[in-house]
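Summary of structural features
Now for the letters of each chain:
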Amino acid sequence: MASSDVARHPDKGVRPLSLAGHVGFDSLPDQLVNKSICQGFCFNILCIGETGIGKSTLMDTLFNTNFENFESSHFEPQVKLRAQTYDLQESNVRLRLTVVNTVGFGDQMNKQESYQPVVDYIDRQFESYLQEELKIKRSLHNYHDSRVHACLYFISPSGHSLKSLDLVTMKKLDSKVNIIPVIAKADTISKSELHKFKIKIMSELVSNGVQIYQFPLDDETVAKVNTTMNGHLPFAVVGSTEEVSVGNKMVKARQYPWGVVQVENENHCDFVKLREMLICVNMEDLREQTHTRHYELYRRCKLEEMGFKDTDPECKPVSLQQTYEAKRQEFLVELQKREDEMRQMFVQRVKEKEAELKDAERELQGRFEQLKRLHADEKAALEEKKRMFEDDQSSFSKRRAAAQLLQAQSLTANGKKDKDRKK
Amino acid sequence: MSEAVVPDALVSPAVGSMYGEKAGGPTVDFSYVGIDAILEQMRRKAMKQGFELNIMVVGQSGLGKSTLMNTLFKSKVSRKSVLATAQEKIPKTIEIKSISHDIEEKGVRMKLTVIDTPGFGDQINNENCWQPIMKFINDQYEAYLQEEININRKKRIPDSRVHCCIYFIPPTGHCLRPLDVEFMRRLSKVVNIVPVIAKADTLTLEERDFFKKKIREELRANGIDVYPQKEFDEDAEDRMINEKIREMIPFAVVGSDQEYQVNGRRLLGRKTKWGTIEVENIAHCEFAYLRDLLIRTHMQNIKDITSSIHYEMYRVRRLNENNTAVAHANGIPEHHLAAHEM
């Protein structure tokens, strides 16, 4: 729903026209605002600072609620990020606020990699927005924007200068997010020390090339107040959710034996300035900078990294589709290669197995032949024996028959003899 | 505490009151966080950027399209096509002419583009007369899409997409003609169509009501969804407001850019022998309703439906057809991840 910047002076082809009466489109901003009220707003703050520096308390004080948070231990092995989302409402405006706190920042012995989880988190949010934007069926209007809009960097109130951890971290983050440095626990610094401290910090940031968020000066209505505030950076803040009675009012304050530090007293600390700049005046600009500057930079780098270009080597504009097609071809070729490899391996294995099986078969066949021969031999032997036995049997039966005959002959012969004797 | 530019000084109920009342005391001043100041910030940003609106008018020659545009925006946004010679009178094909103007009212600047379609419905054979128009609308979507998928893209993508198409129905008094039905059927799928009955001063009130009822029936019978579309109603309140509008479309309008004295006031109207038709009088014609719908109440909604529904549908179609044909834009999500894995 982008509308182009309507130039103050007519650009070519567009002539300005004066209206003869009241048309009514001056209600357009109201229509836009009403739509936004229905949709609700989204704001994500990232708080980076050492454990115990007062990040959660400041958030509570800023938004006047009690976000459930607990004290973290000082013994975290690595820096982690904890994000919590809340739905706030003030009059008719609904705000979905996400507060991301770093856990264990500055606690490790070796702090070289401390910034990495933070950078990764911010990149992850950009990545998921980019994914949603590149989808075919996308729903950008209902998308819960989780990109970090503002980063409050808590500087410990040493009174001297920035720590090297601070410089390194801020340098890594300045092109990814709007950094607003704040001096935490400012009630430990005296006024003169604070002034020197602020100057030192700003000069260190400038000399190290860290680009912190500058409040915008292009809109006349807020340019003046923004310029003043730009001069007060970094804001020295004190957070407190406890109330102390001062005079006849109850105010948010911290009570010491020597006095009461009032959070909302501009003479005591810059809390009110921070709240005004962060929420009342520049919230929309923070969101816009995140979207048009930091996110676009991320998107550009990411797409170029993936190999997409707007113009090819001959400086002809290459459409994204052509690049996708080229990539797709590459990818398919790669796939094909892998498939061929796998197929070859498979064929190889099959061959081996076949050879194995063939060997086994041959072996079995050999044994079978052997057994068969054995069996045939035995059978032949048995046959031989059987034949001999039958021979024996037949010769025996012949002899028996002969013997019987003889016996029968001898009997008749004896009988005849007897008869002969009798005669 | 220094107040930012906040519209009303009403102290809003404490944010903390979500969790229950704070214990006694006049703490109301200090519970104000300032979240609602974002409305003012948005308003300022919108005023600085300016707005854009692209309206297309479609209808046969002589139905009063240019006059209506001039009446709507109270200035000469369209030049009436009074052509010199007879040869030029009938264009051979439908032309698409787009003229832009910068207008301003009470600090709100708007770039208004009126897209005229001379020659529509004027030929003897009007088959496919919607094609050049469809092509134009799709070309605008295409230009926006190309800019959007660029790697180095502009901060504000220039929006030339047609937000609203006003279709002029000739006041026959009977029913819609096949040309009307065909055109509206095809185009209601790609753009918001607002049908109006042109030159409504030729119809009496009864004829007008009958005509409107007939038109609504025919639209329903043909499945034509004109603005405000039923399926895009967001909540009950929206639906109620839009139902009232749906009962009134198509608006019977009369256009005029000349002022006459009526009852001591100077009003826009058409003077005839039997009386003066006041354009902005709702007893005479429904111009005021059309103006309120288009400009005063639903302009943002029209633009939103164009960008979040019609444009997205075009984008899906376009990216999918590249999928099956040559380029493979669908592969981006998995492709994106696959590129990482590889």
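Thresholds, definitions, all that
- Once a new chain begins, its residue numbering starts again from 1 and follows that chain's sequence as written.
- Chain letters start at A and ligand numbers start at 1, both assigned in the order the entries are written.
- Owing to the predicted nature of the model, reporting of local features is limited to residues with pLDDT of at least 70; listing and counting of side-chain atom pairs is limited to 80 or more, with chain, interface and lining totals taken over all residues.
- Each side-chain value is derived from all of the structure's non-hydrogen atoms; neither hydrogens nor water enter the calculation.
- UniProt positions are given in the numbering used here, feature names are shortened, and annotations may be inferred rather than shown by experiment.
- When DSSP finds two or more bridges between a pair of strands, those strands are recorded as paired.
- Secondary structure elements are taken from DSSP: a helix is a run of H or I of four residues or more, a strand is a run of E of two residues or more, and numbering for both begins at the N terminus.
- Contacts are assigned to residue pairs with any non-hydrogen atoms lying within 4.5 Å of each other.
- Helix axes are fitted to C-alpha atoms over the stretch in contact, other axes to C-alpha atoms as well, and angles between N-to-C directions run from 0 to 180 degrees.
- Whether two aromatic rings pair depends on their centres lying within 6.5 Å, for rings of Phe, Tyr and Trp, where Trp uses its six-membered ring; planes under 30 degrees apart make the pair stacked, over 60 edge-to-face, and the rest tilted.
- Think of it in three bands: with a 1.4 Å probe and only protein chains considered, a residue is buried below 20% of the maximum accessible area for its type, exposed above 50%, and partly exposed in between.
- Note on criteria: charge over ring means Lys NZ or Arg CZ within 6 Å of the ring centre, with the direction from the centre no more than 35 degrees off the ring normal.
- For every residue, the pLDDT score states the predictor's confidence, bounded by 0 at the bottom and 100 at the top.
- What is meant by a nonpolar core is a set of buried Ala, Val, Leu, Ile, Met, Phe, Trp, Tyr and Cys residues, joined one to another through side-chain atoms within 4.5 Å.
- To sort the angles, those under 35 degrees are grouped as roughly parallel, those over 145 as roughly antiparallel, those from 65 to 115 as roughly perpendicular, and the leftovers as oblique.
- Should the near helix be turned counterclockwise from the far one by less than a right angle, the crossing is left-handed, whereas a clockwise turn marks it as right-handed.
- Under the scheme applied, nonpolar residues are Ala, Val, Leu, Ile, Met, Phe, Trp, Tyr, Cys and Pro; charged residues are Asp, Glu, Lys and Arg; polar residues are all the others, including Gly.

Chain B has the name Septin 9a isoform X7 in an unreviewed UniProt entry, where Stegastes partitus is given as its organism. Here chain B is described in UniProt, under the heading Subcellular location (unreviewed entry), as follows: "Cytoplasm, Cytoskeleton". Checking UniProt for chain B, the heading Sequence similarities (unreviewed entry) contains the comment "Belongs to the TRAFAC class TrmE-Era-EngA-EngB-Septin-like GTPase superfamily. Septin GTPase family."

An unreviewed UniProt entry annotates chain A as Septin originating from Stegastes partitus. Heading Sequence similarities (unreviewed entry) of the UniProt record for chain A holds this comment: "Belongs to the TRAFAC class TrmE-Era-EngA-EngB-Septin-like GTPase superfamily. Septin GTPase family."

**With respect to the sheet that holds strand β4 (residues 93-103) of chain A**
Residues and elements named next belong to chain A. Within the open sheet, the six strands sit side by side as β3-β4-β2-β5-β6-β7. Their pairing is mixed. Each end of this open sheet is capped by a strand with a single partner; those strands are β3 (80-90) and β7 (235-236). Pairing analysis gives four bridges linking strand β2 (residues 41-48) to strand β5 (residues 150-155), with the strands arranged parallel. Paired with Cys47 across the strands is Leu152, a residue of β5. Seen against the sheet, helix α3 (residues 115-134) touches β2, β3 and β4 and runs at an angle of roughly 50° to β3.

**Examining the packing of aromatic side chains**
Taken as a whole and judged by the stated rule, the model has 14 aromatic pairs over all chains. Look at Tyr129 of chain A and Tyr295 of chain A: their rings are 4.9 Å apart centre to centre, the planes differ by 85°, and that puts the pair in the edge-to-face class. You can see Tyr129 of chain A sitting in helix α3 and its partner Tyr295 of chain A sitting in helix α8 (residues 283-305), a full 166 residues away along the chain. With a relative accessible area of 0%, Tyr295 of chain A lands in the buried category. Here the aromatic rings of Phe120 of chain B and Tyr167 of chain B are separated by 6.0 Å at their centres, their planes lie at 90°, and the arrangement is edge-to-face. Here the residue Phe120 of chain B occupies a position in the loop between β3 (108-116) and α4 (131-148), and Tyr167 of chain B occupies one in strand β4 (residues 164-169), the gap between them amounting to 47 residues. Of the two residues, Phe120 of chain B and Tyr167 of chain B, neither departs from the other in class, the shared state being buried. Through pairs of rings, three or more aromatic residues link up here, namely Phe126, Tyr129, Tyr143, Tyr295 and Tyr298 of chain A. One cation-aromatic arrangement involves Arg147 of chain A over Tyr295 of chain A; the distance from NZ or CZ to the ring centre is 4.9 Å. The cationic tip of Arg161 of chain B hangs over the ring face of Tyr144 of chain B; the distance from NZ or CZ to the ring centre is 3.8 Å.

**A look at the confidence of the model for chain B**
A low pLDDT score tells you not to read the predicted coordinates there in detail. Residues and elements named next belong to chain B. Looking at chain B, the pLDDT average stands at 78 and 81% of residues meet or exceed 70. Across residues 1-30, confidence stays below pLDDT 50; counting only partners more than four residues off in sequence or on other chains, it has 44 contacts. Overall, residues 83-87 carries pLDDT values under 50, and its contacts beyond four positions in sequence, including any with other chains, amount to two contacts. Across the predicted assembly, pTM comes out at 0.74 and ipTM at 0.75.

**Notes on helix α2 (residues 65-73) of chain B**
Residue and element names in this part refer to chain B. For α2, the buried fraction is high: nine of the nine residues fall into the buried class. For α2, the set of buried residues is Lys65, Ser66, Thr67, Leu68, Met69, Asn70, Thr71, Leu72 and Phe73. The secondary structure elements touched by the buried residues of α2 are β1 (51-58), β2 (97-105), β3, β4, β8 (265-272) and α8 (287-297).

**Here's the deal with the nonpolar core**
One broad trend across soluble globular proteins is that nonpolar side chains are buried collectively. Counting residues in each nonpolar core, the largest one holds 88 residues, and the members touching the most others are Phe63 and Leu152 of chain A. By residue number, the principal contributor to this core is α3 of chain A, which donates nine residues. Residues within four places of Leu152 of chain A in sequence aside, it is in contact with Ile45, Leu46, Cys47, Ile48, Leu58, Met59, Ile180, Val182, Leu274 and Leu278 of chain A. Met56, Ala252, Cys285 and Met299 of chain B belong to the second-largest nonpolar core, a separate cluster that totals 84 residues.

**A closer look at the packing of α2 of chain B against α8 of chain B**
All names here are of chain B. Interaxial distance between α2 and α8 falls to 11 Å at its minimum, and their mutual angle equals 70°. With respect to α8, the axis of α2 lies roughly perpendicular. Remark: the crossing between α2 and α8 carries right-handed chirality. From α2, Leu68, Thr71, Leu72 and Phe73 reach across to α8, where they touch Phe287, Leu290, Arg291, Leu294 and Ile295. Here the contact of α2 with α8 is built from residues that sort into seven nonpolar, one polar and one charged.

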